[in-house]
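Structural characterization, general
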Amino acid sequence: MWDLGGTQQEVKKGQFTKRIVSKSQKVADYQGIFEELQSQGAIAISKKGYSLTSPTGLEVLGEGLRSGDFKFESRTVGTWAANALVRWISQIDVAVTGADVLVNGKSAIASYDEFKSVALEVYDKLNQNYNLDDLVPIYRIRREIEERVSRTEFNEWLIEMQANDILQLMTGEVPDFTPDKREDSISIPGAELRSYAKRLI
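Conventions we followed
Residues numbered from 1 in each chain as written. Predicted model: local features only at pLDDT ≥ 70, side-chain atom pairs only at ≥ 80, totals over all residues. Heavy atoms only, no water. Pairing = 2+ DSSP bridges. Helix = DSSP H or I, 4+ residues; strand = E, 2+ residues; numbered from the N terminus. pLDDT = per-residue confidence, 0-100. Contact = heavy atoms within 4.5 Å. Core = buried A, V, L, I, M, F, W, Y, C linked by side-chain atoms within 4.5 Å. Buried < 20%, exposed > 50% of the residue type's maximum accessible area, 1.4 Å probe, protein only.

1. Focus: the sheet that holds strand S7 (residues 167-170)
The strand order S6-S8-S7 describes an open sheet built from 3 strands, whose pairing is antiparallel. Sheet topology places strand S6 (136-137) and S7 at the edges, where each strand pairs with a single neighbour. In this sheet, strand S8 (residues 196-199) lies alongside S6 in antiparallel orientation, the contact comprising 2 bridges. By the bridge assignment, proline 137 is partnered in S8 with tyrosine 196.

2. Some words on the confidence of the model for the protein chain
Mean pLDDT over the protein chain works out to 82, with 87% of the residues at or above the 70 mark. Counted against residues more than four places away or in other chains, residues 94-102, with its pLDDT under 50, gives 21 contacts.

3. Brief notes about the nonpolar core
With 25 residues, the main nonpolar core has Phe115, Ile141, Phe154, Leu158, Met161 and Leu167 as its most contacted residues. Setting aside residues up to four positions removed in sequence, leucine 167 forms contacts with Leu120, Tyr123, Leu158, Met161, Gln162, Ala197, Lys198, Arg199 and Leu200. Grouped together as the second largest cluster of nonpolar side chains are 13 residues, Phe16, Ala42, Ile43 and Leu58 included.

4. Focus on the pairing of S7
Only one face of S7 is covered, namely the one carrying Leu167 and Leu169; the face carrying Gln168 and Met170 has none of its residues buried. In terms of strand pairing, S7 meets S8 through 4 bridges, oriented antiparallel. In the sheet register, glutamine 168 faces S8, and the bridge partner there is lysine 198.

Below, the structure is given as structure tokens:
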């Protein structure tokens with residue numbers, strides 16, 4: 001559906017089913033799948049055709065392609081399917097990020113200024129709720145917003161906040177400092193691991 005332009009316009013039922021239904025199958029065999037996708041808000045169905053919703057439909061498509069269960073059932077794969085997959089891979093940033101994807105009802109963080117605002121908000125919330133005495137473990141900040149920003153951007157932008165004298169990133173052993181918590185802290189090249197953040201403004 002995505003390959004047929006289903007995010008911009010409705011795809012006619014005949015055109016769509018011709019792509020997915022093999023000679024040994026019937027359209028009715030897919031009815032349960034269509035209904036499930038519709039209930040998820042991934043697709044919209046009308047009397048004339050189907051359309052892929054944005055951003056939900058794109059999220060479901062992306063999750064499905066990344067799933068370990070995804071595979072082609074047939075021994076031979078149609079050229080159109082292979083080309084569609086290649087096109088999805090080449091446009092994945094445009095298709096997903098460009099659609100202002102929502103994560104748990106919140107949009108992905110797209111800029112340093114937005115990250116700074118969110119990070120400070122999370123810092124204040126954690127500091128207040130858990131009485132952290134102005135020393136908030138970096139791993140806790142990361143885990144609060146990790147679904148909305150890549151690990152690389154989190155690291156770069158948090159270090160930039162330190163360069164701008166907004167936060168001070170500090171060393172120190174975190175209680176119960178497990179390997180995964182250490183991994184979710186900040187490693188600065190040529191310096192010790194930074195495990196805490198302290199707000200300066």
